[in-house]
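In case you want the letters, here they are:
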Amino acid sequence: MAPEYRYEAQDIEPKWQALWADERTWEVANDAGDPGQTSYVLEMLPYPSGEPHIGHLKNYSVGDAVAHFHRRTGRRVLHPMGYDSFGLPAENHAINTGQHPRDSIRESVASFRKGFHDWGISIDWTRELSTSDPRYYRWTQWIFTQFFERGLAYRHEAAVNWCPQDATVLANEQVVDGHCERCGTLVEIRSLEQWFFRITDYADRLLEDLDTIEWPEHVKTMQRNWIGRSEGAEVVFRCDELDTDYPVFTTRPDTLFGATFFVMAPEHPDVERLAQGTGNEQAVREYVAAAMAEPTEERGDAHKEKTGVFLGRHVTNPVNGEQLPMYVADYVLMDYGTGAIMAVPAHDERDHEFATKFDLPIRQVIGSPDDAPPVTEQAYTGSGPLQNSAAEFDGTPNREALPEIVAWLDREGKGHQSVNYRLRDWLVSRQRYWGCPIPIIHCDEHGMVPVPAEDLPVVLPDIEDYQPKGKSPLAAAEDWVATTCPQCGKPARRETDTMDTFVDSSWYFLRYCDPHNDDAAWDSKVVAEWTPVDQYIGGVEHAILHLLYARFFIKALNDLGHVDAQEPFQKLFTQGMITKDGAKMSKSKGNVVSPGPIVERFGADTARCYILFMGPPDQDADWSDGGVEGMHRFLGRMWRLSAQAAAELPDHPIPDELNADSERILRKANWAIEKVTVDLADRFNFNTAIAA
RNA sequence: GCCCGGGUGGCGGAACGGUAGACGCGAAGGACUCAAAAUCCUUUGCCCUUUGGGGCGUGUGGGUUCGAUUCCCACCCCGGGUACCA
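This one's a predicted model, so the numbers in the text were calculated from it and none came from an experiment. (Residues numbered from 1 in each chain as written. Chains lettered and ligands numbered in written order. Predicted model: local features only at pLDDT ≥ 70, side-chain atom pairs only at ≥ 80, totals over all residues. Heavy atoms only, no water.)

Student: Honestly, unusual backbone geometry in this entry has me stumped. Any pointers?
Tutor: Note on backbone geometry: most residues besides glycine have negative phi, and most peptide bonds are trans. A cis geometry characterises the amide bond from L456 onward to P457, with omega recorded as 5°. Considering the arrangement of structural elements, one finds P457 in the loop between β20 (447–450) and α13 (478–481). Despite not being glycine, R24 has its phi angle at roughly 55°, a positive value. Of note in the backbone geometry, D359 takes a positive phi value of approximately 55° without being a glycine. Among the secondary structure elements, D359 is positioned in the loop between α11 (349–358) and α12 (398–412). A residue is classified by how much of its surface remains accessible, and D359, at 70% relative accessible area, is exposed. (Helix = DSSP H or I, 4+ residues; strand = E, 2+ residues; numbered from the N terminus. Buried < 20%, exposed > 50% of the residue type's maximum accessible area, 1.4 Å probe, protein only.)

Student: It is not clear to me how the packing of helix α3 (residues 88–97) against helix α4 (residues 101–118) should be interpreted in this structure. Could you clarify?
Tutor: The angle between the axes and the distance between the axes are what describe a pair of packed helices. In contact at an axis separation of 9 Å, α3 and α4 are set at 120° when each is read in the N-to-C sense. Between α3 and α4, the angle falls in the class oblique. Along this stretch, α3 crosses α4, giving a crossing that reads as right-handed. On the side of α3, the interface is formed by A90, E91, H93 and A94, while α4 contributes P101, S104 and I105. Grouping the amino acids of the contact of α3 with α4 by side-chain chemistry returns four nonpolar, two polar and one charged. (Axes fitted to C-alpha atoms, helices over the stretch in contact; angles between N-to-C directions. Parallel < 35°, antiparallel > 145°, perpendicular 65-115°, else oblique. Left-handed = near helix turned anticlockwise from the far one by under 90°. Contact = heavy atoms within 4.5 Å. Nonpolar A, V, L, I, M, F, W, Y, C, P; charged D, E, K, R; others polar.)

Student: Would you explain the sheet that holds strand β24 (residues 533–539) in this entry?
Tutor: Within a sheet, neighbouring strands are paired by backbone hydrogen bonds and run either parallel or antiparallel to one another. Taken in spatial order, the four strands make up an open sheet running β2-β1-β24-β25, and their pairing is parallel. In the strand order of this sheet, the two ends are held by β2 (76–78) and β25 (569–575), each with one partner. Put simply, the sheet's adjacent strands are angled 20° from each other on average, direction ignored. Inspection of the sheet shows strand β1 (residues 38–43) paired to β2 by three bridges, in the parallel sense. Residue pairing in the sheet places T38 in a bridge with R76 of β2. The sheet strands contacting helix α2 (residues 54–72) are β1, β2, β24 and β25, and the helix crosses β1 at an angle near 175°. The sheet strands contacting helix α17 (residues 545–559) are β24 and β25, and the helix crosses β25 at an angle near 170°. (Pairing = 2+ DSSP bridges.)

Student: Would you take a moment to explain the protein's contact with RNA strand B for this structure?
Tutor: Taken together, 36 residues lie near RNA strand B, and T251, K306, Y336, R350 and P616 sit nearest. Each atom of RNA strand B within 4 Å of the protein was assigned to sugar, phosphate or base; sugar and phosphate come to 65%. Here a phosphate oxygen of RNA strand B sits 2.5 Å away from a polar atom, N or O, in the side chain of Y336. Within the contact set of RNA strand B, a phosphate oxygen lies 3.2 Å away from a side-chain nitrogen or oxygen of N687. Mapped by element, the contributors of at least two residues to the surface near RNA strand B are α7 (217–227), β11 (244–250), α20 (625–648) and α22 (686–691). With six residues, α20 is the single largest residue contributor to the surface near RNA strand B. (Near = heavy atom within 4 Å. Polar contact = N/O pair within 3.5 Å; in protein donor to acceptor, adjacent residues only side chain to side chain.)

Student: So what exactly am I meant to see when it comes to the packing of aromatic side chains here?
Tutor: Any two aromatic rings considered together are summarised by their centre-to-centre distance and by the angle between their planes. According to the stated counting rule, one finds 46 aromatic pairs in the structure shown. A ring pair is formed by W426 and F552, whose centres lie 6.3 Å apart and whose planes are at 75°; its orientation type is edge-to-face. In this pair, W426 is assigned in strand β17 (residues 426–427) and F552 in helix α17, connecting sequence segments 126 residues apart. Per residue, the accessibility class of W426 equals that of F552, and both read buried. Seen from their ring centres, F509 and F569 are 4.9 Å apart, and the 65° between their planes marks the pair as edge-to-face. Of this pair, F509 sits in helix α15 (residues 508–511) while F569 sits in strand β25; the two residues are 60 residues apart in sequence, bridging distant segments of the chain. For the pair F509 and F569, one class covers both residues: buried. Every member of this aromatic cluster is reached through a ring pair, and the members are F144, F147, F148, W195, F197, Y202, W426, F502, Y549, F552 and F553. Taking the ring centre of W480 as reference, the NZ or CZ of R494 above it sits at 5.7 Å. (Phe/Tyr/Trp six-rings, centres within 6.5 Å; stacked < 30°, edge-to-face > 60°. Lys NZ or Arg CZ within 6 Å of the ring centre and 35° of its normal.)

Student: What exactly am I supposed to notice about the side chain of N280 here?
Tutor: Position of N280 relative to the elements: it lies in the loop between α8 (271–275) and α9 (281–293). Within polar-contact distance, the side chain of N280 engages the backbone oxygen of F310 at 2.9 Å. When neighbours within four sequence positions are excluded, N280 is seen to be in contact with A275, F310, L311 and G312.

Student: I tried to follow the environment of R350 on my own but got confused; where do I start?
Tutor: When you line up the elements, R350 lands in helix α11. Looking at R350, the relative accessible area reads 48%, which means it is partly exposed. It is 8.7 Å that separates the C-alpha atoms of R350 and A302, two residues lying 48 residues apart in sequence. The contact partners of R350, leaving out residues within four places of it in the chain, are K306 and Y331. A polar contact is formed between the side chain of R350 and the side chain of D348, at a distance of 2.5 Å.

Student: Would you mind showing me how to read the packing of helix α19 (residues 604–613) against α20 here?
Tutor: Where α19 contacts α20, the axes come no closer than 9 Å and their chain directions differ by 115°. Between α19 and α20, the crossing angle belongs to the class labelled roughly perpendicular. Note on packing geometry: the crossing formed by α19 with α20 is right-handed. Touching D605, T606, C609, Y610 and F613 of α19 are G627, V628, M631, H632 and L635, all from α20.

Student: What is the right way to read the pattern of salt bridges from this model?
Tutor: Side-chain pairs of opposite charge can arise where the charged atoms are in close proximity. Considering all chains together, one arrives at 37 salt bridges under this definition. With a closest N to O distance of 2.5 Å, D348 and R350 form a salt bridge. A relative accessible area of 16% places D348 in the buried class. Residue R430 is joined to D500 by a salt bridge in which the shortest nitrogen-to-oxygen separation is 3.3 Å. Of the two residues, R430 sits in strand β18 (residues 429–430) while D500 sits in the loop between β23 (498–499) and α14 (501–504), which places them 70 residues apart along the sequence. A relative accessible area of 7% means that D500 is categorised as buried. Residues joined in a network through salt bridges with shared partners are D209, R551, K555 and E567. (Salt bridge = Lys/Arg side-chain N within 4 Å of Asp/Glu carboxyl O.)

Student: Teacher, can you tell me more about the environment of Y610 here?
Tutor: Tracing the backbone shows Y610 in helix α19. Residue Y610 is classed as buried on the basis of its relative accessible area of 5%. The spatial distance from the C-alpha of Y610 to the C-alpha of I199 is 41 Å, given a sequence separation of 411 residues. Sequence-distant contacts of Y610, that is, excluding residues within four places in its chain, are made with D622, W623, S624, G627, V628 and M631.

Here it is as structure tokens:
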């Protein structure tokens, strides 16, 4: 073969990469006046740990293909890159080696940056950012103070995972089967003061606005389930013996007449008081202690047998005045509804199980079909006409009776329509070192005072000992903790908790728009030019938390007047995983394929094309070494064909008078243009575009 | 249990109401070479057949349609998510 026709990726790629760097090919300016359509293409920012892996290569290959497609179809494309560089892996590395997280992160960032260059990803490097850079987290802290001043950030006592051995709070991910992942000690639940963001205020908007964005349906479904909106009623059950009202939330007020007992969560604050003087104190206390000690994994297991203890008290069913026995049982959760339930064993499987075990009455109040098993054997959860209820409701289909019963409760002052969410407020504080310091000062006189904007950032101090000891390692930095109150100037102490890293990544896509602004987190006019992100690309593992948090941030910032957008990401694409021999790649399995050697041997174009060619990119795909070689040959054939055509054909190869051959080729070329355009723009099917 | 995906050649996958298997891998044969590698060309769903050709094929069973991998119903397997949420 003539040497000039050989496909030499090792010569071709550095040549063009150098040219792109020289010409600043992928940089875009914030020119609001510039005519033409803009496009913001963004892949989820990487957590820089060690070397980039094959999943990164897939993520950024997909994103880069989209960015190029948008450019080739006439848009001005913002395609930036940054690093999510706070977080536990760097901190654990510091605990083990003593190397400062700042230094290990710098090394990882360098290797990721090199990877992106070697892969030829078209990035506007002038906008590069890193969330652990004070120039970035200054504004993370500013947003926190904005939220604090509007009551969206608040401090509150909450139950957290606590390891008695390590004397530290653990993140949920650090709890494995109820035990500490490091020392194996059984994890306890402790109540500690924590910082929260009031995301529950946005539950309805987060739900409704899902209809305005073009995301995969299964991701929207996951978010809907996570928010978990339930419509029903709050109904008040009164305990005359203690002269106390106990409201419950129910989605089935139509079954109120079938309530035969009442259950409270072990954590309910009144449980002990209720049992007092009934002779059941001891049994109740023991049961509650056992339930609290039980690992959350086991506690949450729906398949385990129901347990509980009679409290020795009764409440009145507001619809018929019946006295219902009160129990404490761990199948009732304190953090959903009111921590207490009315139990309707005839029409709820869990209540049925409990009633059967404790020999409690089961009263059917919804008519079931003739072929349904009797409710003494199995709860009937379907619909049907009311029975054994009040005369005015008997015979009415339950769906119709439901609102009527709620209206009746409302008139009688015994309840009202209510909506409940599964979504909880976002716990953002961490008792860890390598995170963004929470910019709050505790003053004896003025309480919690936000650090004024002009004093930001609160710079994370250097410390000697990263080991967590139950409070943030920052607490040991006495010089740093001791400060003065911004309001009165008297001695005060800094907040020593740091923020969850999800906070850092909830707004980074805004900073890319205006990354060098030293006067503000961003100029809202500039942000308005680019946002919302037109196409967001990332792993489905972030379908809930990251994507929900970012949506919450945009809505909160919109309410605060800082952004115009209501949603951060107009379109979302979630890529599938690359496996090897059908299994997730992991060091322990020894089946890791690294991008480095592949790119070195075959070139980035081969690696990227192969990854895009493996199959539909939203599905998982299994890596094949033979497949890479096939793609390399494929590109080689294409290169040679093009080179030959360029060398051998006249300058203007399309004759004025088309003959059969040239017409056939023209037709085929136009077919391919159409096919590739549709595959890239509408379907995200890179595999068929490459094949075409 | 519930909610999503997905079952098509030896393999990854195309087609998604109109010639099933694009493209790639693998395999077989051939060219080039002293030889090998690389490269190129040809063939390649399965079965039967002497050429011509014929039969069967998209997890299973039904249905709609002139026509179904594609739409509908029931079911079976595989993968993922999620769960005492009242």
